[in-house]
Each structure stands twice: as C-alpha cells, then as structure tokens.
Amino acid sequence: MQSGGRQAEAPGRGPRVLVVGGGIAGLGAAQRLCRHPAFSHLRVLEATARAGGRIRSEHSFGGVVEVGAHWIHGPSQGNPVFQLAAKYGLLGEKALSEENQLIETGGHVGLPSVSYASSGVSVSLELVAEMASLFYSLIDQTREFLQAAETTPPSVGEYLKEKIRQHMAGWTEDEETKKLKLAILKNLFNVECCVSGTHSMDLVALAPFGEYTVLPGLDCTFPEGYQGLTDCIMASLPKDVMVFDKPVMTIHWNGSFREASAPGETFPVLVECEDGDCFPAHHVVVTVPLGFFKKHLDTFFEPPLPTEKVEAIRKIGFGTNNKIFLEFEEPFWEPDCQHIQVVWEDTSPLEDTAPELQDAWFKKLIGFWVLPPFQEPPAPRTQEYAEVLLAQRPVHPGLIQLRGRGQLWGRHGPAGPAPPFRRQGGTGLKKMQSSLKLVDCIIEVHDARIPLSGRNPLFQETLGLKPHLLVLNKMDLADLKEQQKIIRHLEREGIKHVVFTNCVKDENVKQVIPTVTELVGSSYRYHRGEHVEYCIMVIGVPNVGKSSLINSLRRQHLRKGKATRVGGEPGITRAVMSRIQVCERPLMFLLDTPGVLAPRIPSVETGLKLALCGTVLDHLVGEETLADFLLYTLNRHQLLGYVQHYGLGEACDDIASVLKRVAVKLRKTQKVKVLTGTGNVNVIQPDYPAAARDFLRAFRSGLLGPVMLDRDFLQGRSAEEP
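First, a word on scope: everything that follows refers to the structure included in this document. Everything numeric in this text was worked out from a predicted model, so none of it was measured.

Looking at the packing of helix 20 (residues 623–636) against helix 22 (residues 655–665)
(1) Moving on: Packing of helix 20 against helix 22 leaves a shortest axis separation of 10 Å and a crossing angle of 105°. In terms of orientation, helix 20 and helix 22 fall into the roughly perpendicular class. Contacts between helix 20 and helix 22 pair E624, A627, D628 and L631 from the former with I655, V658 and L659 from the latter.
(2) Moving on: Across the contact of helix 20 with helix 22, the residue classes break down as 5 nonpolar, no polar and 2 charged.

In structure tokens, the structure reads:
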C-alpha cells in the first residue's frame, strides 16, 4: 500500500517498508524483500509474541502435535511450500521421492483404514469405496462449470444433491443400506466442507469452483513439525526485522507524515499500533487474515479502502476448521491404522432442514487421523511429587470442532516430562504501562491462600514507580494464623502496605480508600490542582478478585451495584483500562485490567497452586491431576476437613480411592461402552472427572476449611522437604 502521489525517498537510504502480520504470508514477503538490496529498511509488525500465525507445532508431549497447519497438499515442484521445505531439509525421503511427487490424487482425500458407524458397528469399506467413487466423480464434474456464463443450480451443494437424487433412483438395496449410503455421502460432504473451509457446500458457488488448481503429489507432513518452516524463514531474516507484541490499530495512508528523526522527509503511510507507537513508511504490505479484515474493516484503514475492495472483502467467504486431540492409554486401533472414518447414522446430505448447530456440532466430525507413535521418554529420576503429578496430566482437548476434521492423538506408553507452565502477558503489561501517566496509585490484588507465590514479578519491574498497595483477597478461605509472618515476609520483598479482604462480604474493604488516599498524598509525584481526582489502576493475576474488589468498593462508597462482571474462572475481564468510579469523596476512579500471569511460572508446584486457586483454567492442567495435588497438600499439612465433609472415615493418600468414594457418595456414575470380542458391553463405573470437580469446588468454596498453600514458605522450608 502506498499513496497515489509518491513522496521522494531519502537519497542512498531506500524506501521504508512495513509488513503487517508475521504469519507465513508476512514472513514470505519479508524474506523476498530482504533479498533485494533496495529494501534494507524493513520491519515486520506481529501482534503476538510469536511468528508463524496458524502454523504452530507443539513438542511438549513426547512427539510433534500440529496445533495449526498439518499437511503439504500437492507436494511437488509447482508447490512453493514444498520447494521451501525441501530446500531447508525438513521432509522425509518418501515425500521427496519422485514417485510421491507424481501421484495424481485429484485433490481427494484417500479412503479410510477403517470405518465405524456412530452406533459402533463396522462399516463395509467396499460400500465406503463405492460411495467415495460416486461422490468424487460428481466433484470432478463441478469443475467443468468454470467460467460458465450461468449455472443452474448456483451452488456446489445444490448441484451435488440434485445428482445424488438421480443416482438414488437406481439403488436396489434394502432401506437400511440406502440410509447407510446416504450417511456415508454426508460424511464425504463434511470432508469437502473441511477442504473448502465452509459450513455448507450450499455456500460455495458452482461457477468458480474449478479455479482451484490441484497439484500432483501425495499429501505429506513435516517429521519435526510444520513450524520448522517458519523457523527457517525467521532465521534467514536480519535480527532486527521482526517486532513482536505490536498489534496494529490503524493504517493511515494517502497522506504526508513526518518523523523527527528524518527531518525534511515525508512518508505516505503511517501505521499506528494499539500501544501508541507509530511507524511511518513508504510502503506497507498487509498480510493479516481475512477474518481480521472483516471484523476491523471500518477502523483498520484511514481513509477507508475503495468501495470495490471493501465489497470484495465483505463478500469473500471465511470458514473455520478446528482440531480436537484425544489421548488413549492403550490404542484400540490396529498398528497400521492411519485414518478412522466416523459415519453418523440417520444423517443425509438431502436433509431439507439442518438441526441447530449447538445440538449437533459433533456430527460435523468426519473421523480421526492417528498420529505416529511417540518415542517413550526415559524414566524420570526421583523428583518432587508435584512434578510427577503434572507429568501425568491429560492433554488439553483443544477447541470444539464445528467444521470437521478431528485429530486422534494416539500415544503408546507413559506420558513424557511435564511442560512448564507458560503464559504470555506482554501485550497487557505494555497497555498498562502506556497508561501509567494517568495513574496515581497501583492496587495489586492477589489470593490470600498463596500470599507469597504466584504474583507476577513483572508488575513490580514494569509498574513499580507508582505507590503500591497489595490487597490479599479471599481471606475467608485462607488460614491466617501466621498473618504477621506473611506481612514480615512481604516487607522483606519491598511490599510495605498490605490489606486482607473478603470482597464477597465486604470485610476490611473500607481500609482500601483511606490507605490509597494516604499513599497518593504522601507521594512526591502527587502534584494536583484545586480539584482532586484520583485514578487507581487495579492489577493482578487472573481470578483473584480484582472485579469483586471494584464492585465491593462501589457498594461501600457509592451504594451502587456491579460495575464489572465477576466469575469463578480466569479470563472474565477482557478489556484493558475500563474506567470505573468507586468513590465520591474523594473522587476516585479505578482502571480495571485483565489478569496477567508471569511469562514463565518458576516451578511446577507454583503453577499447581495457581491452578488450585482458579488462576489457570482447570482443563489446562487436568481436573484429576489438580485433585491429586490438592489431596497431597491437605494430607501434608494435616488438613483433614475433606474426611468429615465426604464422610470417608479416615484420611487416604490414594486419589483414585478418594475420588471413587466421592463419586459413589454423590451418585456420580457413568455408563461406559466397552468393545469385546462378542460385541459392545455397557459398564457402570464411577465418574472420576465429576468427583474431581466436586472435590475442587468444595476446596474453593471453603467447605474443606481454611487453607494456607504457602505454609512451607512461612515455616522456612521448601516444598521438597518432608
């Protein structure tokens, strides 16, 4: 993008070029530009803390899990992705072989290794092959309408359904077989929806459908992960090209902008970022996703894009493929199985009305691809109990898949070493830091059950120039017998002002306003005129009660209800810098902010403590893993309230036994279908996840008694000691 009339570039320096977006398109553009000597002034602005966009390979589970892009489709010499991967040595011998590159697939997904109906019975692969042959012949026919002046019917889906009705007239099988044929065809429709990235083939126009060029080559994967491709491109760029955590807000174009460091030079484009930074440029290459364009089209360009471009962006379809990963202790599939097809009985592509998506989303799943077996990691050495627990955590199942393709993660043997807890909070912190000039004081809220661990150290480093008050909330759930030790420990860390609160019942909340007023008034930075107005920023890790504190202050001082939403899980507060009045005299406003965890949590035990307090979503760690760590902690400190609460009779250190007894007491059982040599057998067994959730809920609501999770710190020993 550049202006209509080009401004002169500084002699000998060359044009300034910005690439917006650090996905594969942005990285490819940057690599190409860097090869040209004229473009030495190049920057890539990436909104997140990593490059690659939808290409992301996870290596933390003992093997490669592709969270994003998975295959190279059509891996042959005409495919630029294949060429790059081959150049960087990222592919295996089979993918590089001439034989593999010459295979003509027609762009069709291969037949499954095995096919199951939703009732659990096997589906004849001969029948699947027959229906696949019919479906793909019809798909090939749709490509013949390319450039047709007029097509009837107008969509691919309607054309396919019309042809299927004609073929049905010649089917001579019984009604059950005819229904099964239609169900298989519905599965193939869903496969094509995945390939086309659409919710329904009725939304795909028939005339231009043949524009897609199918390259030869049998689809292949990257043995060490697709992300190796973007890593190699990144490594080829100069070190100062990439700028991370720079979400762009507006691109001002067709103008004349100046920069203090370049007197006398004007730039036709100015890129304005969300943190206030601005980058003038001669040219801007925009590589953001289409979905982002659609959402921010009215504000992303100033002046707006020409009408024809706006209309084109709005009319282009945009769909989503999400993935689900499943892990089994033992594989139920054969060793050579690669693709498991799922045929949902009683479904048909000829259905006149589709069911509500929220009721039938799972019927969009077309099957599962079995990942290669992961290498078994070496047996772990003796280590702290918390690490062993986390090493056994289940995989986060990912996002609900609404448009098709699932992933089956099959791994043999025990889980590998636990990945460290990680969180990216750079963007939120930078937004807070950019607003510091408006702030008189910082209120940091933290959970009183973990007063000495889990706080984000970057808060002190980044925001530490302002007066600081630490509010330890949820005091009703914490064992505060050693409260003075906690205060002395915090004083040694430089935290001199601490208030314990219970914002649900407004306990001690009245201390906050006077303390803040005194801190601001005694600060040498406090230079106000006659009209005093206080602006206070509320910070903290997720789900410690920041919003609850704001609502409690409003109840106390304004007699008003909720100004900000609260909840029992992290991530309720989304917006940064929401300005909320909490007091009239003095006039005081609080800036509510989302919770921000440290970029790297220092130990597994600290991460588990944070998760127990609800700061990390349960399913990211595993509810049964958390329940196990909770039982270990309660027994370690002789806090046996759970024994009485659940009527167990005596303490127990076996989490499976405890959860089984909890499930039986709460009548939480589940019916499980087991495949045997004689057929399916339904077995009733305790619902361990439900029991784990109740165990965690009882702890978090105080039903197991007050708990101090940082007792080891207060007793002057580490958690590793007995």
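Some points on the packing of aromatic side chains
(1) Moving on: All chains considered together, the criterion is met by 17 aromatic pairs.
(2) Moving on: Measuring from centroid to centroid gives 5.3 Å for F145 and Y159, while their planes differ by 70°, and the two rings are edge-to-face. Of the two residues, F145 is situated in the loop between helix 5 (125–142) and helix 6 (156–168) and Y159 in helix 6; the sequence distance between them amounts to 14 residues.
(3) Moving on: Aromatic side chains Y642 and F695 sit 6.2 Å apart centroid to centroid with 65° between the ring planes, which places their arrangement in the edge-to-face category. With a gap of 53 residues between them, Y642 in helix 21 (residues 641–646) and F695 in helix 23 (residues 688–700) connect regions that are remote in the sequence.
(4) Moving on: Judged by its relative accessible area of 0%, F695 falls in the buried class.
(5) Moving on: Through successive ring pairs, a cluster of aromatic residues spans F292, F293, F300 and F301.
(6) Moving on: Between K181 and the ring centre of W171, over which it is positioned, the NZ or CZ distance is 4.7 Å.

As for the sheet that holds strand 16 (residues 367–369)
(1) Moving on: The mixed open sheet is built from 3 strands, whose spatial order is 5-15-16. One side of each edge strand has no neighbouring strand; the edge strands of this open sheet are strand 5 (114–117) and strand 16. Going across the sheet, the axis of each strand differs from the next one's by a mean of 15°, ignoring polarity.
(2) Moving on: Summarising the sheet, strand 15 (residues 339–343) and strand 16 pair through 3 bridges and their orientation is antiparallel. By the bridge assignment, Q341 is partnered in strand 16 with G367.

Brief notes about the nonpolar core
(1) Moving on: If you look at the biggest cluster of nonpolar residues, it comprises 63 residues, and the most contacted ones within it are I443, V512, V516, L549 and F695.
(2) Moving on: Ignoring any residue separated from it by four or fewer positions in sequence, one finds V512 in contact with I443, L469, V471, V499, L549 and L553.
(3) Moving on: Listed in part, the 34 residues of the second largest apolar core include A132, I139, L160 and A183.

What to know about the sheet that holds strand 11 (residues 278–281)
(1) Moving on: Spatially, the 4 strands line up as an open sheet ordered 11-10-7-13, and their pairing is mixed. Because the sheet does not close on itself, it has two edges, and the strands there are strand 11 and strand 13 (301–302).
(2) Moving on: Pairing of strand 7 (residues 248–252) with strand 13 involves 2 bridges; the strand directions are parallel. Its bridge partner lying in strand 13, H252 is registered against E302.
(3) Moving on: Along the sheet face, helix 9 (residues 290–300) touches strand 7 and strand 13 and points at about 55° away from the line of strand 7.

Conventions and cut-offs
Residues numbered from 1 in each chain as written. Predicted model: local features only at pLDDT ≥ 70, side-chain atom pairs only at ≥ 80, totals over all residues. Heavy atoms only, no water. Axes fitted to C-alpha atoms, helices over the stretch in contact; angles between N-to-C directions. Helix = DSSP H or I, 4+ residues; strand = E, 2+ residues; numbered from the N terminus. Parallel < 35°, antiparallel > 145°, perpendicular 65-115°, else oblique. Contact = heavy atoms within 4.5 Å. Nonpolar A, V, L, I, M, F, W, Y, C, P; charged D, E, K, R; others polar. Phe/Tyr/Trp six-rings, centres within 6.5 Å; stacked < 30°, edge-to-face > 60°. Buried < 20%, exposed > 50% of the residue type's maximum accessible area, 1.4 Å probe, protein only. Lys NZ or Arg CZ within 6 Å of the ring centre and 35° of its normal. Pairing = 2+ DSSP bridges. Core = buried A, V, L, I, M, F, W, Y, C linked by side-chain atoms within 4.5 Å.

No statement about biological role is implied by the geometric values presented.
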